[in-house]
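Each chain is listed here by its residues.
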Amino acid sequence: MAPNEQTPLHEVRPVTQRIPERFVPVPTIEPGHSFASITDHISSIVLRRKTPAGWVIGFAITFVLVMVLTATIAKLVFVGVGVFGINHPVGWGFDIINFVWWIGIGHAGTLISAILLLLRQEWRTSINRFAEAMTLFAVASAGLYPLLHTGRPWYAYWLFPYPNTMGLWPQFRSPLMWDVFAVSTYATVSLLFWYVGLIPDLATLRDRAPSLLAKRIYGMLALGWRGSARHWYRYEHAYLLLAGLSTPLVLSVHTIVSFDFAVAVIPGWHSTFFPPYFVAGAVFAGFAMVLTLAIPTRKFFRLEDFITMKHLENMGKVMLATGLIVAYSYVMEAFFAWYSGNLYEWYMMTNRWQGPYKHMYAALIVCNGLAPQLMWIRRIRTSAVGLFITAMFVNVGMWLERFVIIPTSLHRDFLPSSWGMYHGTMYDWSMYIGSIGLFLCLLFLFVRFLPLISIFEMRTLLPEAHAEAHEEH
Amino acid sequence: MNNNKQLDLAAFRARIGGAKEYWRSLDELARADALDDAELDEVMFREFPRQAAPLATGVDRRNFMKLMGASMAFAGLAACNRPEQKIIPYTKQPEGLIPGRPLYFATAMTLGGVATGVLAESHMGRPTKIEGNPDHPSSLGATDAFTQASVLGLYDPDRSQVVRHLGEISTWSDFIAGIQPALQAAQKDGAGLRLLTQTITSPTLGAQIQQLLAQYPGMKWHQWEPVNRDNVREGRRMAFGGYVNTVYDFSKANVVVSLDSDFLGSGPGHLRYARDFMSRRRVRKGQTKEINRLYAIESGPSNSGSVADHRLAVRPSQIEGYARAIAAGLGLAAAGGTTEHAKWIATLVRDLQDNRGASVVVAGDEQPPAVHAIVHAINQTLGNVNTTVLVTDPIEAAPANQLESLRQLVTDMNAGKVKALIILGGNPVFDAPADFEFSHAMAKVPYRAHLSLYYDETSLLAHWHIPETHYLESWSDARAHDGVVSIVQPLIAPLYNGRSPHEVMGTLIGGLDQTPYETVRTYWKTKAPGLNFESEWKKWLHDGVAGSAPAPRFVGASTGIPAPAAAKQSSGYEIVLRHDPTIYDGRFANNGWLQELPKPHTKITWENAVLVSPKTAREIGMGDRQREELENERSTWLVELGYRGKTLRLPIWVVPGHPDGVLTVSFGYGREQGGRIAGGEAKFIENPYEHQIAGVNVYPIRFSDALHGAAGATIALLSSGYRIACTQEHQNIEAAGNRGIIRSASFEEYQKNPSFVRESGNEEERRIESMWPGHQYRQTDPDGPAKYAWAMSIDTSVCTGCNGCVIACQSENNIAIVGKDQVWREREMHWLRIDRYYKGSPENPETFHQPVPCMQCENAPCEPVCPVEATSHNQDGLNDMTYNRCVGTRYCSNNCPYKVRRFNFYHYSDFETPALKAMRNPDVTVRTRGVMEKCTYCVQRINAAKIAAEKDDRRVRDGGIVTACQQACPTEAIIFGDLNDPTSRVSQLKREPTNYGLLEELNTRPRTTYLAAIRNPNPEIKAD
Amino acid sequence: MAKPRREGLYGVIAEFGEAQALLTAAEAVREKGYTNIDAYSPFPIHGLAEAIGFRKSHLSAIVLGGGLLGGAGGFLMCWYANVISYPLNIGGKPFNSWPAFIPITFECTILLAAFAAVFGMLGLNGLPMPYHPVFNVKRFDQASRDKFFLAIQATDPKFNLESARRLLESLGPREVTDVPW
């Protein structure tokens, strides 16, 4: 059509007729927005001069927790891993529990940004940036543990294949080595993915930044992005390829984490169906965490227009689906133990139900088995509060799952003579809480200094973003 | 007042109106002030310059230890000196000493006076390890935990290091100077002079004492051993009409009856007895000859009882009834026999009668003389005397009824008859019967000198304290259980300038003061005059045995049965007092290895507890369910034990197979002056038990008329949740399903189906598949370097759970101790543990002991999971651990199905104390914090042997390598060797039908395997 | 803005209000036979790249290369370490226990492929490029907000300032400006 027939923006907005509310599809972006309004609203969160008091308080609290973490690490390094509750039957405790918990949480981010992208799920757009950030910080918190759970953390670099005078190599058959490669690859790729996604928005901030310093910093980070059509073309191509690579990667990471256990001989660990079980659990935990974080953030920064109920509801549905897989896994775990007719397996199972840790197992079933079933109910699925509470249940439940898998399997394995008990000590807890602090602290920094919603992708959600090329000539 | 520069004690006491006979501190004296302070201070200042008083009070002992730090530094140096006198190496001449190569010297350790011959391994002049002496009759190459741990006792930095006068540092010469007045103080004939010793079998020391007695006819010599054997002596006297010694030959006995005797676990010759007894218990392929049979009637679980074929748990007071019943059954005129278990006893009697002259009946040390007399009578009627029971001259220098002897001393002291008291060794203030109130009596003696290894409770009350030499530090001699003499030769000059009893006796006798060496040598020169004394002497030193055992006297025991004593009115619970299985009578309280050694049945470490039966526990209100939960958390109840108006607070522990209505407690714990380990002042990281004395002192309820306990005790639960450092909970082997961990059968069943172990295991072990062909450890290239496949076989039917191997391993491999808290946290470091399992009813179960070292799996699950190749297999199939490569992920430990790997959660090894550095085995790395460690099959010994073999171009001979645990084992339950040599003992054992591996179904292919436990119950007695 | 690097003119640039306008304009300019043109937008507009005559990128090939390199490298590292460099008997497993090497092989594949994708993209795009003439245009900072730009470069063989200006102005832009070097 001819340029002079261009209709002004204000008339492009969709008109809503009087039709029953529940037939109206909940949009992925509330009406009444333009490129400008999206850009300004989101970038203003970052660029506004005055830091909101809420942010300052929140940051201060989490920073204190980071200090708790630092103190714990100092104690750990100076005195030894003996400060933890681990002992001879139970060599791994909170350290590995938390490692798996964090890694699992990270998975939702990659899933949202990569898999949903490949599935062309538009609704991912407003949450993927946030979810990816969560992934990175979760992996950061997770990364602490494999390093610090060792008896001599200052030699942890021996786990990397580097040339040395002894001509020694790491032992590539060990699942821990696989972990090293998987987790470091995962962290790197997630970081690249995240950064690539940020480049155009960094350019936006560069152009909006009021202060010269901010202009310079964002300018440098933006790498001189200018939105050239050629660039956009390669950019989208690369982004798609990264998504394609991240998808198998994210699946492989938790598969390999599950190998830490599946490869061992210990009853309760030695199980072939751990990979799918763990991956489902990871997504389950991840979405729960996204909800836990998104719901308050959305409220605090008034982002209801961008993170709509549709997003929350969809996440609720994913949580339900993966939750069902997890529940199924619990049933199958028990079934295999019984069906295998293996004495040790069956004892392990009954010990989970009746042994000293039976309360842990019961709590696990409540949190991961029953709580997600609430998602069947539409009213709960579409209420922020309902979702938040369910998500909290799942967060706890996934931690319990790892507790049930790790210490509960180890504490009574083959020879009754070496059976024992495991309890987390003060330092186990302070390190756990500290790592949560680190995670939140990084998130606070992120929302203050980077756009927590992908601006350029939000723009593409507007109807006027769709232009058609003319085919005649 | 008197301005003489001496403190006249007598006058002084007079002045303070005798209010305080003996004062320990200024305050104490000040409190009893009869004279004005100025005078007091002046006198005090003369007597106690500076820190003397704090020292005497013991409050600041740790400061004193700090002072001693300096002298410890010398200990390191002293360790480099060989004693001046020429001592003869066991294997090579000393000039043959090659740096880095250990030499072995024969010597002997005494416990309760009785010698066990040992070979001490010396690295460059530092004794580092004790091995048994194969030529010594009470050892035959084996050692028990005490002997093994004695090397730590030698280097113990808490040992007394200086002569002290009134707590103040003094010198030996001052002591000598001070002693003459004391001897004068005693009247001319020495009527006021008293000598108190422990049981002495040393002929030389005995002779010295006799000489002193000759000098001072009025002087008296008293003996006291808290682990008291008067009953045995008196029993023998009743039977044989005089002091004699009885030696048993279990190798000839088909049937053994133990009446509350732990002849395999403690007492003189128990190592030899265990060897002899078990030599009749091995079942090998095609054997039809029946193995021996042991009936045990006992008042508490003992190592002997745990290998018995038939066991009754009864109150100690009932034992006599059973003895009488058996005697009556054999036609002796024994009244008052029990009526219980009549059928059982009848069968037993028949069994004995069928084995006349080939059976032994033994009674426990704690049983009254009457029981011993009866037992001797029984042996006499069975014709065992002079066949399986040999009677020889007593081995003590002067056998006596020690309780009476001590009672006499106390009476004399109280009567003020004693002017000077010399105590050679022992710690009577701590371990004398409570009703003697020894310390009060002792305080009445004007001159008190005490020779001891530690500055202990008795030293505190002595005017003079002289540090004693350890047996590895000075010359002496002693008799074995059968009377054979060993020369005790030192390996090292006294570390802490101690003095031997011989020197003290020398000074008492006066005249030229001889070195102990001269004393001992001259004694034997006079004893065995002859031209070739030199060569004789050399031979003695070389072999560790001087001459042969005294010939048995062929006398008969009287078959008269003493009339039953009037049955005492027994109300309430019956209390049983036993010496502690790991720290003995308290003398080893400062030995960390022994403190941390799990007790054979309870597996409790670092303290004593009241042992009760499950039924009794229920009676006093311990619910089984709650008890289980507590045990899971390694905690229990605190109870109040009441006996004759005294009360003790101890933890309680339930022991299956313990007689009902009996409370067993072990004495020896609760040492206030025991040293840093015993006193809870040892520095363990994160140790909440600091300043908490290990265990509870039970001597306060040990009375002279009930040395071994009696009825009338009360017990009440105080509070639950008391943390007890127990390394193994109660597992009934059937509880967790049939895991095939322990496999046992009766001899009958074995003959029906020799390979019963195959069925009795977990059925999965019969369908093992593997993706991999597995590694080949066979010799493929005949010209290539010799290939070995090291392996171990452990015979569970002969293991008595004596713990010898555990300490041997600890000593050989520099294994650290971790303290009570860390044991409670399940972080003990023992490379070799002994698992204890029960089978059957908790009232009287079968007990099995199973030593568990590293299985050295060919398909070791620990290796593939290590991310840094810190653990891998060597060409001999050993599962090696590379400490310096370990980063400490603990994944290997998680993945070890046997849980034999041990992790240094903290910096456990003591890198500071110089004395302990000297003790370590230089061939084994001392592990630091954060690394994993585990049994290596004593790889240092393997390599030494391989190098030697390669030098003379041959394979290592079978038996050329003996692991530390194997060497210590009295029953030869552990055999190590090369699987590639089909003729090796271990290969033969692996071909036994009873050979099985732990958790074979996991296809770990363990190199350590077990031989099933085979027992020989009497078919006529149905297992109850 | 920084000092001009070169004398003369980079080209002329026109600002549009909407995506559709930009796309139409780009096609129009292309029709007139201009080749050295570029379009700038705050978000990817499908068809725009083709409209300014962009040939397909070679990114896929680069990523494939990276992946293959990573995979081969990963496996060879494990194999070399365990079979050639330092063979050890680990738990009785064969030296070349290849199934155990797969996870690492896989991770290396992904890692290098991802690097190839990101750095390939940046490389082909000539980023980072701190300075570019279009930044000299006053209102170009709107290109990252809601405005769309179309530039005709002076390097274009057909380039003639007057005709280029006229052409762009005929396409109904908000404004047309010269872009100095």
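Use the structure listed above.
Calculation criteria
- Residues numbered from 1 in each chain as written.
- Chains lettered and ligands numbered in written order.
- Predicted model: local features only at pLDDT ≥ 70, side-chain atom pairs only at ≥ 80, totals over all residues.
- Heavy atoms only, no water.
- Core = buried A, V, L, I, M, F, W, Y, C linked by side-chain atoms within 4.5 Å.
- Buried < 20%, exposed > 50% of the residue type's maximum accessible area, 1.4 Å probe, protein only.
- Helix = DSSP H or I, 4+ residues; strand = E, 2+ residues; numbered from the N terminus.
- Contact = heavy atoms within 4.5 Å.
- Polar contact = N/O pair within 3.5 Å; in protein donor to acceptor, adjacent residues only side chain to side chain.
- 1 Å grid on protein atoms, 1.4 Å probe; cavity = no way out; pocket = protein on both sides within 12 Å on 5 of 7 lines; lining within 4 Å.
- Points joined across faces, edges and corners; volume = space filled by probe spheres on them.
- Nonpolar A, V, L, I, M, F, W, Y, C, P; charged D, E, K, R; others polar.
- Buried area = accessible area lost by both parts, 1.4 Å probe.
- Salt bridge = Lys/Arg side-chain N within 4 Å of Asp/Glu carboxyl O.
- Pairing = 2+ DSSP bridges.

(A) Main features of the nonpolar core. Formed by 324 residues in total, the largest nonpolar core has its most connected members in Phe172, Trp269 and Phe446 of chain A together with Ile152 of chain C. At 18 residues, the largest contribution of residues to this core is made by helix α5 (residues 175-208) of chain A. In this structure phenylalanine 172 of chain A touches Pro161, Met177, Trp178 and Phe181 of chain A together with Met77, Cys78, Ala81, Asn82, Ala100, Phe101 and Ile104 of chain C, once residues within four positions along its chain are discounted.

(B) Just the side chain of asparagine 697 of chain B, in detail. Residues and elements named next belong to chain B. Along the chain, the position of asparagine 697 falls in the loop between β23 (662-667) and β24 (711-723). At 2.9 Å, the side chain of asparagine 697 and the backbone nitrogen of tyrosine 699 are in polar contact. Leaving out residues up to four positions away in the same chain, asparagine 697 has contacts with Phe430, Leu648, Tyr669 and Gly670.

(C) Summary view of empty space enclosed by the protein. Residues and elements named next belong to chain B. Considering all chains together, one arrives at 16 cavities of 30 Å³ or more under this definition. Quantified by volume, the second largest cavity comes out at close to 1000 Å³. Around the second largest cavity, the lining is made up of 49 residues, and of these Thr110, Gln198, Leu453, Glu468 and Arg587 lie nearest the centre. When residues of the lining of the second largest cavity are traced back to their parent elements, those giving at least two are β1 (103-111), α6 (145-155), α16 (428-431), β17 (476-479) and α19 (501-509). Per element, the largest residue contribution to the lining of the second largest cavity is four residues, and it comes from β1. Of the residues belonging to the lining of the second largest cavity, the class tally is 17 nonpolar, 23 polar and nine charged.

(D) Quick peek at the interface of chain C and chain B. If you look at the interface, chain C gives eleven residues, while chain B gives 13 residues. For the pair chain C and chain B, the two sides together bury roughly 1100 Å², of which 63% comes from carbon and sulfur. Considering only the side of chain C, the residues that lose the most area to chain B are Asn89, Ile90 and Gly91 of chain C, jointly responsible for 45% of the buried surface there. Inspection of the chain C/chain B interface yields zero salt bridges. Counting across the interface, chain C meets chain B through four residue pairs in polar contact (both at pLDDT 80 or more).

(E) Quick look at the sheet that holds strand β26 (residues 790-795) of chain B. Residues and elements named next belong to chain B. Strands sit in the order β33-β26-β35-β34 across an open sheet of four strands; the sheet is mixed. Only two strands of the sheet have a single partner each, and these edge strands are β33 (974-978) and β34 (995-996). Inspection of the sheet shows β26 paired to strand β35 (residues 1008-1011) by four bridges, in the parallel sense. Within the sheet, the bridge partner assigned to isoleucine 794 lies in β35 and is tyrosine 1010.

(F) Looking closely at the interface of chain A and chain B. On the chain B side, the residues contacting the 62 residues of chain A number 63 residues. Taking both partners together, chain A and chain B bury about 4900 Å²; carbon and sulfur atoms supply 52% of that area. The interface formed by chain A and chain B holds two salt bridges in total. Remark: the boundary between chain A and chain B carries 43 residue pairs in polar contact (both at pLDDT 80 or more). At the level of secondary structure, the elements contributing two or more residues to the side of chain A that touches chain B comprise α2 (53-79), α5, α7 (229-262) and α10 (343-354) of chain A. The biggest single contributor to the side of chain A that touches chain B is α2 of chain A, with five residues. Broken down by class, the residue content of the side of chain A that touches chain B amounts to 37 nonpolar, 17 polar and eight charged.

(G) Highlighting the pairing of strand β3 (residues 126-132) of chain B. All names here are of chain B. By the criterion of burial, β3 is predominantly enclosed, with seven of the seven residues buried. Pairing of strand β2 (residues 114-123) with β3, which is carried by six bridges, proceeds in the antiparallel orientation. Its bridge partner lying in β3, serine 122 is registered against proline 127. Hairpin connection of β2 to β3: two residues between the antiparallel strands, including methionine 124 at a positive phi of 50 degrees.

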